[in-house]
Amino acid sequence: MKSSNTLSAAGLYANLSPELSALALRGTVHGYPKKVILINEADTGDSLFVLLKGSVKVFSMNENGREITFGTIYSGDYFGEMSLDGGARSASVMTLEPSTCAVLSRTQVSEHLAHTPEFAMSLVVQVIRRARAATEAARSLALLDVYGRLIAVLEERDGVLVREGEAGITLEPITHQDIANRVGASREMVSRLLKDLERGKYIEMGSKRITMLRKLPARW
């Protein structure tokens, strides 16, 4: 019979694919409370984090404290791979809830790639996928107005719990500030647009909750 400690440890890797689990087992497990910065943008680092439990947000912030959120990463995924070349971190990462990570050095990742070369393709695909997402975010900021970016976030539904019912599609928990950080606008602007959509009976708002009642108009 397995001990409770063994079962508890095994549970940490339950959300990982077999290939990612093999990588995570090479790392050192660390627990972090909510709202802890794991990676600082522009710092030099060579650690890769496999997220075993919890969730984190990826963001940037300027010298005036204005923030833009690029996305949310959940358990079963990893982050920090963009700086394995020894370069500066391209964004900051903060825990959204108590989280647990397996942290690996560049040397440990290199050893894993030498032992399991097929993982290299997964790593390349991950880098391409995130580079494509960053390009799309830059395109949206450059070419879409605030309303266009707002409906893109609501319809993408990344980083929020989605619940479908007879009344429509409910997104929760999500705040006006969360949305503002995603679209690169002020909270006041986002609140004004959401209130207009509510008056038009496109959405219904509650506490940290938005229900989309019908398809949002392409322009406003």
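Above this text sits the structure in question.
Rules of the game
- Residues numbered from 1 in each chain as written.
- Predicted model: local features only at pLDDT ≥ 70, side-chain atom pairs only at ≥ 80, totals over all residues.
- Heavy atoms only, no water.
- Helix = DSSP H or I, 4+ residues; strand = E, 2+ residues; numbered from the N terminus.
- Buried < 20%, exposed > 50% of the residue type's maximum accessible area, 1.4 Å probe, protein only.
- Areas by Shrake-Rupley, 256 points an atom, 1.4 Å probe, with all protein chains shown as cover.
- Lys, Arg positive; Asp, Glu negative; His and termini not counted.
- Charge placed at Lys NZ, Arg CZ, Asp CG, Glu CD.
- Core = buried A, V, L, I, M, F, W, Y, C linked by side-chain atoms within 4.5 Å.
- Contact = heavy atoms within 4.5 Å.

Visitor: Can you break down the overall build of the protein residue by residue, with the values?
Guide: When helices and strands are tallied, the protein shows 7 helices and 12 strands. Seen through its C-alpha atoms, the protein measures out along the principal axes to roughly 55 × 45 × 30 Å. In the protein, buried positions account for 40% of the 220 residues. Carbon and sulfur atoms form 54% of the exposed surface of the protein, whose accessible area is close to 12,400 Å². Side-chain charges of the protein comprise 27 positive and 25 negative groups, with the mean position of each set lying 5 Å from the other.

Visitor: Requested: an account of the nonpolar core, with residues and values cited.
Guide: Of all hydrophobic cores here, the largest spans 22 residues; its most connected members are L150, L154, I179, L194 and I203. Where this core is concerned, the elements lending two or more residues are α5 (146–156), α6 (176–183), α7 (187–199), β11 (203–206) and β12 (209–212). Here this core takes 6 residues from α5, the largest share from any one element. Those residues in contact with L150, other than ones at most four positions away along the chain, are I179, V183, V190, L193, L194 and L197.

Visitor: Any chance you could break down the environment of K35 for me, citing the residues and the numbers?
Guide: Mapped onto the fold, K35 is located in the loop between β1 (28–32) and β2 (37–39). Taking the C-alpha atoms as reference, K35 lies 18 Å from H176; in sequence the two are 141 residues apart. For K35, the residues in contact, after removing those within four places along its chain, are M94 and T95.

No statement about biological role is implied by the geometric values presented.
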